[in-house]
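Okay, here's what each chain looks like letter by letter:
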Amino acid sequence: MSSQHSPPIVLCFSGLDPTGGAGIQADIQAISQHGCHPAPIITANTIQDTHNVSSFQTVDEHFILKQARAILQDMPISAIKIGMLGSGQVAEAIYTLLREHPQIPVIYDPVLFAGGGSSLAQKNLIDAINSLIIPNTFLLTPNIPEALHLTSQKLSAEIAAQHLNNLGAQHVLVTGTHARKAEVVHKLYHRMKCTASFRYKRLEHEYHGSGCTLAASAAALIAQAIEPVNACQNALDYTYKTLLRAEALGKGQLIPNRR
Ligand code: PLP
């Protein structure tokens, strides 16, 4: 039985990153730090280090569907956070669940590339993301290369964001880390208009799991009924703090410190 003091629960679908920097571990740590309870489901298992992903295997989609249905029947879920999907079949299974629970807000970080550049999404998965997942997304958090890649855009992150709104993502937060500018500017789009910009001083390092930390934080805040602009601001501030105190635990990118 849920008590009055139970924390909101965030159901997460993410890959397992054994470095502990990105993926489901980032979700669990960030969501817990924001006062929510994470319910984690693994979509894919990866072989990687703090430089790059070398290989991955997705979990059987029927298994994921049964796992998620068991949780959704048992626990009140306040938000669903989606990260790495890995295959079109996994995307279809999650789409089936989203259709069964249209009232739960979905926060989706479209993980298409590993930090080191390896592709984590083939063409059929991109098609499934655009047709099945994005139309059911409340807050989408692509970085600039992901926004351009999803929409087959070459130049304008703004046009890409508008296109993603048009596909059905209600709010699109395009993170600006990959722009070659001194300041990092993240922009939130709603109904094809930029509704907020968030500016941060550029940090000198590269990080393993910053996007996951951001989306998981935003999911935990949206699970607490915080409005999207404030949820994005708080999630970005928190993520920036984890990067300021990030640690060189491996030989590659730094790991955000979410402890
Ligand atoms: N999820 C998994 C399982 C990953 O392996 C990665 C990157 O390697 C990501 C998500 C994305 O990480 P980031 O937050 O650094 O974009």
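All of these numbers come straight from a predicted model, not from anything done at the bench. (Residues numbered from 1 in each chain as written. Predicted model: local features only at pLDDT ≥ 70, side-chain atom pairs only at ≥ 80, totals over all residues. Heavy atoms only, no water.)

Visitor: Just checking my understanding: could you explain the pairing of strand 1 (residues 9-16) for this structure?
Guide: Two faces make up the sheet, and in a regular strand the side chains alternate between them. Among the 8 residues in strand 1, 7 count as buried, and that is most of the element. The pairing of strand 1 with strand 2 (residues 37-48) spans 8 bridges and is classified as parallel. Following the sheet pairing, Val-10 is matched in strand 2 by Pro-38. What joins strand 1 to strand 2 is helix 1 (residues 23-33), and the crossover it makes is right-handed. Of the strand pairs in this sheet, strand 1 and strand 4 (residues 77-82) are connected by 5 bridges, and their pairing is parallel. What sits directly across from Leu-11, in strand 4, is Ile-80. (Buried < 20%, exposed > 50% of the residue type's maximum accessible area, 1.4 Å probe, protein only. Helix = DSSP H or I, 4+ residues; strand = E, 2+ residues; numbered from the N terminus. Pairing = 2+ DSSP bridges. Right-handed = clockwise from strand over helix to strand, strands pointing away.)

Visitor: Where do I start with the packing of helix 3 (residues 88-100) against helix 4 (residues 123-133) in this structure?
Guide: For any two helices packed against each other, one specifies the crossing angle of their axes together with the interaxial distance. Between helix 3 and helix 4, the shortest axis-to-axis distance is 9 Å and the interhelical angle comes to 10°. Taken together, the axes of helix 3 and helix 4 lie roughly parallel to each other. The segment helix 3 lies against helix 4, with Gly-88, Ala-91, Glu-92, Ile-94, Tyr-95 and Leu-98 engaging Asn-124, Leu-125, Ala-128, Leu-132 and Ile-133. (Axes fitted to C-alpha atoms, helices over the stretch in contact; angles between N-to-C directions. Parallel < 35°, antiparallel > 145°, perpendicular 65-115°, else oblique. Contact = heavy atoms within 4.5 Å.)

Visitor: Quick question: what am I supposed to make of the side chain of Ser-14 here?
Guide: Counting through the fold element by element, Ser-14 comes out in strand 1. When its relative accessible area of 1% is taken as the criterion, Ser-14 is described as buried.

Visitor: Can you walk me through the packing of helix 1 against helix 7 (residues 210-223) in this structure?
Guide: Contact pair helix 1 / helix 7: the axes reach a minimum separation of 8 Å and the direction vectors enclose 40°. On the basis of the axis angle, helix 1 is oblique to helix 7. Here the hand of the crossing between helix 1 and helix 7 comes out right-handed. Taken together, the residues of helix 7 that come into contact with helix 1 (itself represented by Gly-23, Ala-26, Asp-27, Ala-30 and Ile-31) are Cys-212, Thr-213, Ala-216, Ser-217 and Ala-220. Its residues assigned to classes, the contact of helix 1 with helix 7 shows 6 nonpolar, 3 polar and 1 charged. (Left-handed = near helix turned anticlockwise from the far one by under 90°. Nonpolar A, V, L, I, M, F, W, Y, C, P; charged D, E, K, R; others polar.)

Visitor: Any chance you could explain the side chain of Asp-17 here in plain terms?
Guide: On the secondary structure map, Asp-17 appears in the loop between strand 1 and helix 1. Arg-258 provides the closest opposite charge to the buried, unpaired Asp-17, separated from it by 7.2 Å. Separated by 3.2 Å, the side chains of Asp-17 and Gln-48 make a polar contact. Beyond its immediate sequence surroundings of up to four residues, Asp-17 is in contact with Ala-22, Gly-23, Thr-46, Gln-48 and His-208. (Lys, Arg positive; Asp, Glu negative; His and termini not counted. Salt bridge = Lys/Arg side-chain N within 4 Å of Asp/Glu carboxyl O. Polar contact = N/O pair within 3.5 Å; in protein donor to acceptor, adjacent residues only side chain to side chain.)

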